[in-house]
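Topology and contacts: notes
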Amino acid sequence: MLEQLLAGSLEDAATRRLARPLSVVEAEALARVPALDALAALAPADHIKVIAEVKRASPSRGPLADIPEPHALAAQYETGGASVVSVLTEERKFKGSLADLEAVRKAVSIPVLRKEFIGEEYQILEARAAGADLVLLIVAALPQPLLERLYAFTLQLGMTPLVEAHSADEVARAVDLGAQLIGVNARDLRTFELDRDLFGRVADQIPAGAIRLAESAVLSVADVEHYRQAGADAILVGEALVTNDPIATLQSYLNV
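So, a few notes on the structure that sits alongside this text.

Scoring rules and cut-offs
- Residues numbered from 1 in each chain as written.
- Predicted model: local features only at pLDDT ≥ 70, side-chain atom pairs only at ≥ 80, totals over all residues.
- Heavy atoms only, no water.
- Buried < 20%, exposed > 50% of the residue type's maximum accessible area, 1.4 Å probe, protein only.
- Helix = DSSP H or I, 4+ residues; strand = E, 2+ residues; numbered from the N terminus.
- Arc of directions from axis to C-beta.
- Contact = heavy atoms within 4.5 Å.
- Polar contact = N/O pair within 3.5 Å; in protein donor to acceptor, adjacent residues only side chain to side chain.
- Core = buried A, V, L, I, M, F, W, Y, C linked by side-chain atoms within 4.5 Å.
- Pairing = 2+ DSSP bridges.
- Axes fitted to C-alpha atoms, helices over the stretch in contact; angles between N-to-C directions.
- Salt bridge = Lys/Arg side-chain N within 4 Å of Asp/Glu carboxyl O.
- Right-handed = clockwise from strand over helix to strand, strands pointing away.
- Phe/Tyr/Trp six-rings, centres within 6.5 Å; stacked < 30°, edge-to-face > 60°.
- Lys NZ or Arg CZ within 6 Å of the ring centre and 35° of its normal.

Our focus in this paragraph is helix α12 (residues 246-254). Of the positions making up α12, those classed as buried are Pro246, Thr249, Leu250, Tyr253 and Leu254. The arc enclosing the buried residues of α12, seen along the axis, measures out at 135°, which places them on a common side. Lining the buried residues of α12 we find β1 (49-54), α4 (70-80), α10 (221-229), β10 (234-237) and α11 (239-242). Between the side-chain oxygen at the start of α12 and the backbone nitrogen of Ile247 there is a gap of 3.0 Å, and the oxygen is on Asp245.

Structure, rendered in structure tokens:
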């Protein structure tokens, strides 16, 4: 599944590149005001931080919410206390778009993450041109030399790489990069099975000074408490926010 998602995202990027060549997107990216400091926004505090996701659908759950106005939902996230807004831009399975990201960027003053299956520099330039402050780099999808190259390129643009792992070995690869924001995804993107305890088993591998982010399997306050007790500085939440009152749900999580 992960290979299919990455291949689809790269095909879609190639199609967009026909209309907007790399030189055009690069110029737009470099003309943007500097990216916001996501590491400061997610820095450990006396409460858990939340990355709130604009998420219409997923391969595992199917349709979740229509979200005709992603900017309005993102504004609610900011009102509710989210530290970062994540925007899924993958078109085929998650029903997102770069237009969603652009709309969200205009609506909020907090950092914005492009959640996408990234495998080339063009996609990172697109993210910066659209106003993203962070991009997702999935360890399982990228051989280490390519991961290192895309990580360095993200930093060159002044953005924050969210390096996502799904195993102890992948956490070690993220640490080798020097990643300052490491996400541990409870959902195996190869099989889409969930393992909520994975974070707790690998959290100690993430060095002091790096932000520990728990992703997936966050549907209740009990799940937030579980991750907080396991050492999470922040959580990424999508489904629970788009299927419930986003402000009330966010605030219940922030009280943990």
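Right, let's talk about the nonpolar core for a bit. Tyr77, Tyr227 and Ile235 are the most contacted members of the largest nonpolar core, which totals 94 residues. Among the elements that take part in this core, helix α6 (residues 121-130) stands out by supplying 6 residues, more than any other. Look past the residues within four positions of Tyr77 in its chain and what remains in contact with it is Ala52, Glu53, Val54, Ala82, Val85, Leu241, Val242, Pro246 and Leu250.

Here we come to the sheet that holds strand β7 (residues 160-165). Reading around the circumference, β1-β4-β5-β6-β7-β8-β9-β10 is the order of the 8 strands in this closed barrel, with parallel pairing throughout. For this sheet, the mean angle separating the axes of adjacent strands, direction not counted, is 25°. By the bridge criterion, 3 bridges tie strand β9 (residues 211-215) to β10 in an arrangement that is parallel. In the strand pairing of β10, Ala214 is matched with Ile235. Against the sheet, helix α5 (residues 98-107) touches β1, β4 (84-88) and β5 (112-115), its axis set at about 175° to β5.

Our next topic: the pattern of salt bridges. In total, this model carries 16 salt bridges according to the counting rule given. Of the charged contacts in the structure, one is a salt bridge between Arg56 and Asp100, with a shortest N-O distance of 2.5 Å. With a gap of 44 residues between them, Arg56 in the loop between β1 and β2 (57-58) and Asp100 in helix α5 connect regions that are remote in the sequence. Each member of the pair, Arg56 as well as Asp100, is classed as buried. Between Arg61 and Glu239 there is a salt bridge, and its shortest N-O distance comes to 2.9 Å.

With that settled, consider the side chain of Gln123. Within the secondary structure, Gln123 is located in helix α6. Note on Gln123: relative accessible area 0%, which makes it buried. Of note is the side chain of Gln123, whose polar atom sits 3.0 Å from the backbone oxygen of Phe117. Each residue touching Gln123, except ones within four places of it in the same chain, is listed here: Ser9, Leu10, Ala13, Arg114, Glu116, Phe117 and Ile118.

Another point: the environment of Ser252. Within the secondary structure layout, Ser252 lies in helix α12. Judged by relative accessible area, which is 27%, Ser252 ranks as partly exposed. Through-space distance from the C-alpha of Ser252 to that of Gln156 is 37 Å; in sequence the pair is 96 residues apart.

Counting buried positions over the 5 residues of β4 gives 5, a clear majority of the element. Every second residue of β4 is oriented toward a common face, with Val84, Ser86 and Leu88 on one face and Val85 and Val87 on the other, all of them buried. In this structure, β4 lies alongside β5, joined through 4 bridges in parallel fashion. Paired with Leu88 across the strands is Lys115, a residue of β5. Between the parallel elements β4 and β5, the chain passes through α5 in a crossover that is right-handed.

With that settled, the discussion passes to the pairing of β1. For β1, the buried fraction is high: 6 of the 6 residues fall into the buried class. Of the two faces of β1, the one holding Lys49, Ile51 and Glu53 and the one holding Val50, Ala52 and Val54 are both buried throughout. Of the pairings in the sheet, the one linking β1 to β10 comprises 4 bridges and is parallel in character. By the bridge assignment, Val50 is partnered in β10 with Ile235. Relative to β4, β1 is paired through 4 bridges, and the arrangement is parallel.

Before going further, it helps to spend a moment on the packing of aromatic side chains. Under the definition given, this model contains 2 aromatic pairs. An angle of 35° between the planes, with centres 6.0 Å apart, marks the rings of Phe94 and Phe117 as tilted. With Phe94 in the loop between β4 and α5 and Phe117 in the loop between β5 and α6, the pair connects residues that are 23 residues apart, well separated along the chain. Phe117 gets classed as buried once you look at its relative accessible area, which sits at 7%. Here Phe199 and Tyr227 contribute two aromatic rings whose centre-to-centre distance is 5.9 Å and whose plane-to-plane angle is 80°, an arrangement assigned as edge-to-face. A residue pair is termed long-range when its members are at least 10 positions apart, and Phe199 in helix α9 (residues 198-202) and Tyr227 in helix α10 qualify at 28 residues. For the pair shown, Phe199 and Tyr227 are each scored as buried. Arg17 extends its terminal NZ or CZ atom over the ring of Tyr122, reaching a point 4.9 Å from the ring centre.

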